[in-house]
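Coordinate analysis (summary)
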Amino acid sequence: MSNISIPITKTTQSKLSDTDFSSLVFGKSVSDHMFVADYQEGAWGDFRIVPYGPMEIYPGNATLHYGQAIFEGMKAYKNEKGEVLVFRAEANAKRLNESAKRMCMPTLPENVFLEALKQLLSLDRDWVPQGKGSSLYIRPFMFAMDNYLGVKPSDTYRFMIFTSPVGAYYSKPVSVKVETTYTRACEGGTGEAKAAGNYAASLFPALLAQKEGYDQLLWTDGKTHSQIEESGTMNVMFKIKGTLITAPTHGGTILKGITRDAVLQLAKDWEQPVEERFLAVSELEDALTKGSLEEAFGVGTAATIAFITKIKVNGQDYLLPEPKPDAFSKRVLLELDSIKYGEIQDPHQWMLTI
Ligand SMILES: *Cc1c(COP(=O)(O)O)cnc(C)c1O
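Residues numbered from 1 in each chain as written. Predicted model: local features only at pLDDT ≥ 70, side-chain atom pairs only at ≥ 80, totals over all residues. Heavy atoms only, no water.

Attention now goes to the domain arrangement of the chain. Per the domain assignment, the segments of the chain are domain 1 (16-168) and domain 2 (174-340). The C-alpha centroid of domain 2 is placed 26 Å from the C-alpha centroid of domain 1. Tallying the contact residues gives 19 residues for domain 1 and 20 residues for domain 2. Contact between domain 1 and domain 2 buries roughly 1,700 Å² in total, counting both sides, with carbon and sulfur atoms accounting for 63%. Applying the counting criterion to the domain 1 and domain 2 interface returns one salt bridge. A salt bridge links Arg88 to Asp261, with the shortest nitrogen-to-oxygen separation between them at 2.9 Å. On inspection of domain 1 and its partner domain 2, the count reaches 10 residue pairs in polar contact (both at pLDDT 80 or more). Where the side of domain 1 that touches domain 2 is concerned, the elements lending two or more residues are strand E3 (69-71), strand E4 (74-78), strand E5 (84-87) and helix H2 (89-102). By residue class, the composition of the side of domain 1 that touches domain 2 is 10 nonpolar, three polar and six charged. (Domains from an automatic or database assignment. Contact = heavy atoms within 4.5 Å. Buried area = accessible area lost by both parts, 1.4 Å probe. Salt bridge = Lys/Arg side-chain N within 4 Å of Asp/Glu carboxyl O. Polar contact = N/O pair within 3.5 Å; in protein donor to acceptor, adjacent residues only side chain to side chain. Helix = DSSP H or I, 4+ residues; strand = E, 2+ residues; numbered from the N terminus. Nonpolar A, V, L, I, M, F, W, Y, C, P; charged D, E, K, R; others polar.)

Here it is, written out as structure tokens:
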């Protein structure tokens, strides 16, 4: 692997001392520096780390008109010794490239992604909060840079990474509504790509659900609205009569969550029965009516595990009991947190030490 040189321009006005680490709001504070790379004439280059700040783009920038934009989301944690650990960074580098292919964008060599991440986090390591529950959210993303209004894949692109400290927050249980009118993803669409446009399309139905008093949606398949898919920013899992059920990811409509993958790996390690299959809305309703739904939770980078306490299905609200301390979802959250903060062995080599 070739050596990558990344010139660094350090900020002269660090925001570190002005940032109140005791009251962080997700996505509001950003760290001092950002990584930038440009794609021109078929190659990535001009790697640099510079102070976080505005950038110039032309009004004709293709992203603004046709939406070639993809992103990733991951987190870094600080252990007791003050070392910075990143959860499954290689998996994010790979997934960025899967999204890139679907959106007709160039792939980024994984070693560039990882080296950029290492150097950026080394420089801004003081921005990684210490303490259980807090972390540094990392946002890698890529977008088109052509200044051209014709509809075609852009010839030029920019890849960037910036980071944002997030405080310890209690992962509040969520209420969800099974969505049967709007569609997040359909077969042959872009659902499995982490594409900006998927989010744009989901905002309106999510807003309607919030007005009705629900935190999030449970999306169903676009064709029949009869099968549960995922929850928009999280994959979703159910435990019914002892079996963990989650949607399979090979059909192109489900985002291949890295948290989902880690939870399934731990389920396997613990010999927890798992079925990767679609759960029918009718089956969910039946399980809720009969009381055989034991656990329901979202899995994703933001909350790791988000316990679901209320589900609306076919106009009816169902309340779920608080998971017991020995519930699978509780145990898996504890295990993942212990791995992420370096408190226990990392049997699957998930953590990258910076
Ligand atoms: C990012 C994302 C997830 C969760 O993926 P993680 O890698 O676990 O954070 C789930 N669904 C959608 C639609 C997403 O964009």
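What follows is about the site of the ligand. The full set close to the ligand counts 15 residues, and Lys194, Tyr199, Glu230, Thr259 and Thr301 are the nearest of them. Interatomic distance of 2.9 Å between a backbone N/O atom of Ile258 and an oxygen atom of the ligand. Here an oxygen atom of the ligand sits 2.6 Å away from a polar atom, N or O, in the side chain of Thr301. A total of 380 Å² of accessible area belongs to the ligand in isolation, and the protein chains cover 97% of it. The class makeup of the residues in the shell around the ligand is four nonpolar, seven polar and four charged. (Near = heavy atom within 4 Å. Areas by Shrake-Rupley, 256 points an atom, 1.4 Å probe, with all protein chains shown as cover.)

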